[in-house]
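Read off the chains here:
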Protein chains: 2
Amino acid sequence: MKRAYNFNAGPSALPTEVLEKAQSELLDFENTGMSVMELSHRSKEYENVHHTAAQLLRDLLNIPEDYDVLFLQGGASLQFAMIPLNFLDEGKVANYILTGSWSEKALKEAKFIGKTAIAGSTKESNYTFIPDISSLQYNEHDSYVHLTSNNTIFGTQWHTYPSVSHAPLIVDMSSDILSRPLPVKNFDLIYAGAQKNLGPSGVTVVIIRKELLKRNVDHVPTMLRYQTHAEKQSLYNTPPTFGIYMLKEVLQWLKNIGGTEQIAERNQTKANLIYGAIDESEQFYKGHATKESRSLMNVTFTLPTEELTQQFLSEAKEKGFVGLNGHRSVGGCRASIYNGVPVEACEALADFMHSFYQTHR
Amino acid sequence: MKRAYNFNAGPSALPTEVLEKAQSELLDFENTGMSVMELSHRSKEYENVHHTAAQLLRDLLNIPEDYDVLFLQGGASLQFAMIPLNFLDEGKVANYILTGSWSEKALKEAKFIGKTAIAGSTKESNYTFIPDISSLQYNEHDSYVHLTSNNTIFGTQWHTYPSVSHAPLIVDMSSDILSRPLPVKNFDLIYAGAQKNLGPSGVTVVIIRKELLKRNVDHVPTMLRYQTHAEKQSLYNTPPTFGIYMLKEVLQWLKNIGGTEQIAERNQTKANLIYGAIDESEQFYKGHATKESRSLMNVTFTLPTEELTQQFLSEAKEKGFVGLNGHRSVGGCRASIYNGVPVEACEALADFMHSFYQTHR
Ligand SMILES: Cc1ncc(COP(=O)(O)O)c(C=O)c1O
Ligand SMILES: Cc1ncc(COP(=O)(O)O)c(C=O)c1O
Ligand SMILES: [Mg+2]
Ligand SMILES: [Mg+2]
Ligand SMILES: [Mg+2]
Ligand SMILES: [Mg+2]
């Protein structure tokens, strides 16, 4: 069986070894005579999966003791609402840095709850770069500051983070969590839908400073409070057990290959291959992002004409490349090269880009 | 490989054939060279899975055209909050019928949003029965009436539903949806976590009368509006794709074996086996529910002493029966015999109950 060259933006490629393990034990998890999907979430066997997943994440990211790790449902999009519901205090302001569509959507949900501000935005440039840290405008009444670490659609990424001390710093890391080492203590809440670097869709990971759990949330429905899930170790209600099992397997795989330092190197190699193909093409391929702001996870580019773009995409598809269409709001092409995408797939894509360029230059 | 006798209350037993199919295509879904988990939720292949799942549910339950079928996240517990957020109007009352812990939890979330009332309750009897329909007390200001069709913990079930015309009737069918034919038009909103009769945890099914989607929900965050998900056919954000795929396979299985009429017969046979073992034991096994209110999904019972209960549970465990411990709030034993539990497992349990009774009577 040949595996596709999968460049999907999420849900996306998973490590083959992980899928093979899941397949081998799908009907009989650790001699229980049951699938992991059939285990009670209150059973020893499942609880072991659940807590091991959390521990692996702690190990891989060196998460300090004063943070909780949560597994929630609803995707990053539900976090957009839960964050202001839990942390936007009356009379204060939720301050968002806009670097793409996902930041905009996060901001939009905060507006349902209270006052908001924009600390910085590169919307005018169609989000081709990350704003200068020194240009960001904070507010003494900030309830929190929010940013998006990697902009899945536009293909930009923060390479240095602002250091925020006047208010909690909350970060949507959906599309680059675990792609590189991370100084967790610089952040107060990190969240990520699993479906890019962590596993299948249906699980959302939250890493939260315990201090934030002390806020008064008496007005918030039980399921929408971080407190609820922290107190019950994400077992308040039935968690997405199979998704968390897959997450655990992906984390184990990452640990086995050497953790975040190792994957960061590999991701750099992969990105170099594709950005290399762009840079060597004398503007035949044009990157959407400025060089300084390039994402190592989502490479966005266009060809000289819409016609050539379409021809590129259709030839790529024939050759077995999947998911290269750009998002409708940017157009062009996008190669998402998350942790689960092997170097080999990026080599194949770079080769194809070179030869398409040679033919059509 | 021997399959366990799985009586888990949820997540619970899935049909072996469904798991085998999922296993066989786990690394290569329909010759895509990808796992179904690796497909983009915007791809033709996944969209086909998604819409087929909805259509199968429509076919199996004869869902009328003026209802939408939604696939959400967050479990039934998030519905407890979404329902009053969307439908509890200012100055009106959410009216709950209490038949167990889950009804109580649903009521508790409505209290965060607005005024509530209790149309009926059997709490005083420790929820051993379903209230008389004629005893229920409605209110002209009801925003909606809510009930729990099957009480997973106490083992009772509505066998005739009240007909409610002054307000929408909303029903938590988490633990008996698709166990029998259902007159959908008698209800305005039906919801169910998938992890009992429908598939793995992580998917929540909602069947909603389109009329209800016209309510003004301008104040509700986007992800918490039914409208949002209805308008986008449950593809507003990334859905739990693998869970929905499994749901589709379970629905296909149910259709293949003859649908709800057929499964209702099978479920009656299964329940008869276990209630038979109780009734033939001359009060050695004592059912928690009154006969009229017995659940065909969760059979709850105790033995003459706590010691015998513990001995029963530990011998059962040795013999390969899984999940027979009662919920901590009722104690004793509980056999959950959802659609995925084969008749054979119920025969084995009835046999064991008979022989344990013969030894210890
Ligand atoms: C950065 C970012 N944030 C949020 C989302 C939304 O995630 P979900 O679909 O899980 O709600 C996405 C999805 O692609 C994303 O890339
Ligand atoms: C009748 C009923 N409602 C609600 C729930 C809660 O479901 P979830 O864990 O999916 O939130 C359950 C769980 O067992 C249930 O049986
Ligand atoms: Mg973006
Ligand atoms: Mg700080
Ligand atoms: Mg109950
Ligand atoms: Mg009615």
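Above this text sits the structure in question.
Cut-offs and rules
Residues numbered from 1 in each chain as written. Chains lettered and ligands numbered in written order. Predicted model: local features only at pLDDT ≥ 70, side-chain atom pairs only at ≥ 80, totals over all residues. Heavy atoms only, no water. Near = heavy atom within 4 Å. Areas by Shrake-Rupley, 256 points an atom, 1.4 Å probe, with all protein chains shown as cover. Helix = DSSP H or I, 4+ residues; strand = E, 2+ residues; numbered from the N terminus. Nonpolar A, V, L, I, M, F, W, Y, C, P; charged D, E, K, R; others polar. Patch = residues over 30% accessible without salt bridge, like charges linked within 9 Å, V, L, I, M, F, W, Y side chains within 5 Å. Salt bridge = Lys/Arg side-chain N within 4 Å of Asp/Glu carboxyl O. Lys, Arg positive; Asp, Glu negative; His and termini not counted. Charge placed at Lys NZ, Arg CZ, Asp CG, Glu CD. Buried < 20%, exposed > 50% of the residue type's maximum accessible area, 1.4 Å probe, protein only. Contact = heavy atoms within 4.5 Å. Polar contact = N/O pair within 3.5 Å; in protein donor to acceptor, adjacent residues only side chain to side chain. Pairing = 2+ DSSP bridges. Axes fitted to C-alpha atoms, helices over the stretch in contact; angles between N-to-C directions. Parallel < 35°, antiparallel > 145°, perpendicular 65-115°, else oblique. Left-handed = near helix turned anticlockwise from the far one by under 90°. Arc of directions from axis to C-beta. Least-squares fit on C-alpha atoms with pLDDT ≥ 70 in both.

Q: Quick rundown of the site of ligand 1? Include the residues and the values.
A: Close to ligand 1 lie 15 residues, the nearest being Ser77, Thr152, Asp172 and Lys196 of chain A together with Thr238 of chain B. Contact with the protein chains hides 95% of the accessible area of ligand 1, taken as 390 Å² for the molecule alone. Per-element accounting of the shell around ligand 1 gives the leading share, four residues, to helix α3 (residues 75–87) of chain A. A per-class count over the shell around ligand 1 returns three nonpolar, 10 polar and two charged.

Q: So what's going on with a positive patch on the surface? Which residues, and what values?
A: On the surface, a cluster of positive charge is made up of Arg42 and Lys232 of chain A together with Lys105, Lys108 and Arg328 of chain B. Summarising the element assignment, Arg42 of chain A is placed in the loop between α1 (16–24) and α2 (44–61). Judged by relative accessible area, which is 42%, Arg42 of chain A ranks as partly exposed.

Q: Give a detailed account of the interface of chain A and chain B, specifying residues and quantitative values.
A: With 61 residues of chain A at the contact, the number on the chain B side is 61 residues. At the junction of chain A with chain B, the criterion picks out two salt bridges. As a salt-bridge pair, Glu38 of chain A and Arg3 of chain B come within 2.8 Å of each other at their nearest N and O atoms. Our count for the chain A to chain B interface comes out at 23 residue pairs in polar contact (both at pLDDT 80 or more). Mapped by element, the contributors of at least two residues to the side of chain A that touches chain B are α1, α3, α4 (101–113) and α6 (241–256) of chain A. Of all the elements, α1 of chain A adds the most residues to the side of chain A that touches chain B, at six residues. Considering only residue class, the side of chain A that touches chain B consists of 27 nonpolar, 24 polar and 10 charged.

Q: Go over the sheet that holds strand β12 (residues 298–302) of chain B, please, and point to the residues and values.
A: Strand order in the open sheet made by the three strands is β11-β12-β14 (chain B), with antiparallel pairing throughout. Both outer strands of the open sheet, β11 (286–287) and β14 (333–336) of chain B, are each paired with one neighbouring strand and no more.

Q: So what's going on with the packing of helix α3 (residues 75–87) of chain B against helix α4 (residues 101–113) of chain B? Which residues, and what values?
A: Residue and element names in this part refer to chain B. Where α3 contacts α4, the axes come no closer than 8 Å and their chain directions differ by 40°. As judged from the angle between their axes, α3 and α4 are oblique. By crossing handedness, the relation of α3 to α4 is classed as right-handed. Between α3, through Phe80, Ala81, Pro84 and Leu85, and α4, the contact on the second element is made entirely by Trp102, Lys105, Ala106, Glu109, Ala110 and Ile113. A breakdown of the residues in the contact of α3 with α4 according to their chemical character gives eight nonpolar, no polar and two charged.

Q: Give me α1 of chain A: which residues, what numbers.
A: Residues and elements named next belong to chain A. Taken together, the buried positions of α1 are occupied by Val18, Leu19 and Ala22. The buried residues of α1 occupy an angular sector of 95° when the element is viewed end-on, so they sit on one face. Considering only its buried residues, α1 is in contact with α6.

Q: Please give an account of the relation of the copies chain A and chain B that cites residues and values.
A: The relation between the two copies of this chain is a rotation about an axis and a shift parallel to it. Turning chain A through 180° and shifting it by 0.0 Å along the axis lays it on chain B, with an RMSD of 0.0 Å. The superposition operator between the copies reduces to a two-fold rotation axis. Residue by residue, 100% of the interface of chain A is reproduced at the interface of chain B, so both copies engage with the same surface.

Q: Could you give an account of unusual backbone geometry, with specific residues and numbers?
A: All names here are of chain A. The omega torsion of the bond from Gly10 to Pro11 falls at -5°, within 30 degrees of zero and hence cis. Residue Glu282 is not a glycine yet carries a positive backbone phi of 50°. With respect to the helices and strands, Glu282 occurs in the loop between α7 (259–279) and β11 (286–287).

Q: Go over the site of ligand 2 with me, naming the residues and quoting the values.
A: In the neighbourhood of ligand 2, 15 residues make up the surrounding shell, with Thr238 of chain A together with Ser77, Thr152, Asp172 and Lys196 of chain B lying closest. What surrounds ligand 2 is not a single chain but chains A and B. Backbone polar atom of Ala76 of chain B to an oxygen atom of ligand 2: 3.2 Å apart, as the coordinates give it. Within the side chain of Ser77 of chain B, one N or O atom sits 2.6 Å away from an oxygen atom of ligand 2.

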